[in-house]
Amino acid sequence: MANLIAVTEAFKNLAEAESHLNLRHNTDPAFFPEWRDPLPDLSAADRDRLTLLHHRLQYHRAQGDLLEGAVMLLVASPLLELAGFYDPPFRLQAETSVELSISDGEETLRGRIDALVLRQDLWVLVIEAKKTTISTRSALPQALAYLAANPHLDRPSFGLLTNGDDVLFLKLTPPPDRQYSLSRAFSLYTVAEEWPTVLQILRAIGQN
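This one's a predicted model, so the numbers in the text were calculated from it and none came from an experiment. (Residues numbered from 1 in each chain as written. Predicted model: local features only at pLDDT ≥ 70, side-chain atom pairs only at ≥ 80, totals over all residues. Heavy atoms only, no water.)

K.L.:
So what exactly am I meant to see when it comes to the packing of aromatic side chains here?
P.N.:
Centre-to-centre distance and the angle between the planes together describe a pair of aromatic rings. Applying the stated criterion across every chain, the model contains four aromatic pairs. Aromatic side chains F32 and F158 sit 6.0 Å apart centroid to centroid with 40° between the ring planes, which places their arrangement in the tilted category. Taken together, the residues span a long stretch of sequence, with F32 in the loop between β2 (24-25) and α3 (44-61) and F158 in strand β6 (residues 157-162) at a distance of 126 residues. Given a relative accessible area of 1%, F32 falls into the buried group. Residue F158 is classed as buried on the basis of its relative accessible area, which comes to 3%. An angle of 80° between the planes, with centres 6.2 Å apart, marks the rings of W35 and F186 as edge-to-face. (Phe/Tyr/Trp six-rings, centres within 6.5 Å; stacked < 30°, edge-to-face > 60°. Helix = DSSP H or I, 4+ residues; strand = E, 2+ residues; numbered from the N terminus. Buried < 20%, exposed > 50% of the residue type's maximum accessible area, 1.4 Å probe, protein only.)

Right, dumping it as structure tokens:
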């Protein structure tokens with residue numbers, strides 16, 4: 001019988017995640033074009049809404065660090081709504097449990113995704129939110145494990161990591177040559193101009 005291990009405890013660093021999940025980091029810019037130009041245009045109403053979200057984040061962030069629930073409410077959820085992921089053909093599942101067998105079936109990783117966006121049962125986006133005191137990159141091994149648990153292995157999966165202050169996108173291709181790549185980090189708290197780009201990337205992923 002396989003040993004059950006929490007995803008958050010399975011990997012101490014990215015190197016361990018790459019080894020156990022048989023992943024390779026692809027740094028070729030052409031591998032992850034979805035976060036680069038050309039990106040979908042935004043309307044004036046979109047930009048006005050993003051300005052409001054930026055000011056709202058600054059207002060609440062001024063009182064101190066934000067916990068994961070606040071990050072979801074102030075950053076992740078509004079962006080998903082603006083990107084159209086709450087409407088057909090997409091469906092949203094929150095606190096979704098996943099399991100992944102590794103080491104020839106000797107171990108089973110178990111975890112819970114903060115938010116999962118589906119399109120006709122295809123995983124479009126995995127959202128992993130952390131409190132503001134935790135780096136977005138520190139959640140990368142966990143997010144990769146969740147993406148690797150995608151039962152639909154014929155198309156790439158995408159992830160979004162955020163601690164409220166920053167956003168990072170990732171892409172994982174299916175086996176047998178499983179590769180992943182990262183976007184640059186987008187600083188939502190300090191740079192208001194980053195919000196439109198993050199929304200454009202979300203919409204590009206949704207159209208993929």
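Having seen it, we continue.
K.L.:
What exactly am I supposed to notice about helix α4 (residues 68-83) here?
P.N.:
Of all the bends in α4, the greatest, near 35°, is centred on A76, and the proline P78 appears no more than four residues after it. All buried positions along α4 are accounted for by V71, M72, L74, V75, A76, P78, L79, L80, L82 and A83. Downstream of α4 by one or two residues, G84 has phi in the positive range, about 90°. (Bend = angle between axes of the 7 residues up to and from the residue.)

K.L.:
Would you mind going over the pattern of salt bridges with me for this structure?
P.N.:
Where charged atoms from two side chains of opposite charge come close, those side chains can pair. Here the structure, examined in full by the defined rule, presents seven salt bridges. In this structure, the salt-bridge partner of D177 is R24, at a minimum N-O distance of 3.8 Å. Note that D177 is positioned in the loop between β7 (166-172) and β8 (179-182) and R24 in strand β2, a separation of 153 residues in sequence. Relative accessible area serves as the criterion here: at 44%, D177 is assigned to the partly exposed category. One continuous salt-bridge network, built from bridges that share partners, spans R61, D65 and D165. (Salt bridge = Lys/Arg side-chain N within 4 Å of Asp/Glu carboxyl O.)

K.L.:
Would you explain the packing of α4 against helix α6 (residues 194-207) in this entry?
P.N.:
Helix packing geometry: the angle between the two helix axes and the distance between the axes. One can describe the packing of α4 onto α6 by two numbers: an axis separation of 9 Å at closest approach and a directional angle of 55°. It follows that α4 is oblique to α6 by the angle criterion. Read as a crossing pair, α4 and α6 show a hand that is right-handed. Along the contact surface, α4 presents L74, V75, L79, L82 and A83, while α6 presents W195, V198, L199, L202 and R203. Its residues assigned to classes, the contact of α4 with α6 comprises nine nonpolar, no polar and one charged. (Axes fitted to C-alpha atoms, helices over the stretch in contact; angles between N-to-C directions. Parallel < 35°, antiparallel > 145°, perpendicular 65-115°, else oblique. Left-handed = near helix turned anticlockwise from the far one by under 90°. Contact = heavy atoms within 4.5 Å. Nonpolar A, V, L, I, M, F, W, Y, C, P; charged D, E, K, R; others polar.)

K.L.:
I would appreciate a short explanation of the nonpolar core in the present structure.
P.N.:
Among soluble globular proteins, nonpolar side chains are generally buried collectively. Counting 39 residues, the largest nonpolar core has L79, F85, L125, F169 and L202 as the members making the most contacts within it. In terms of residues, this core owes the most to one element, α4, which gives nine residues. Among all residues touching F169, those that are not within four sequence positions of it are F32, G159, L160, S181, L182, S183, F186, V198, I201, L202 and I205. Core analysis: the next-biggest nonpolar cluster, separate from the first, contains 24 residues, F11, W123, L144 and L170 among them. (Core = buried A, V, L, I, M, F, W, Y, C linked by side-chain atoms within 4.5 Å.)

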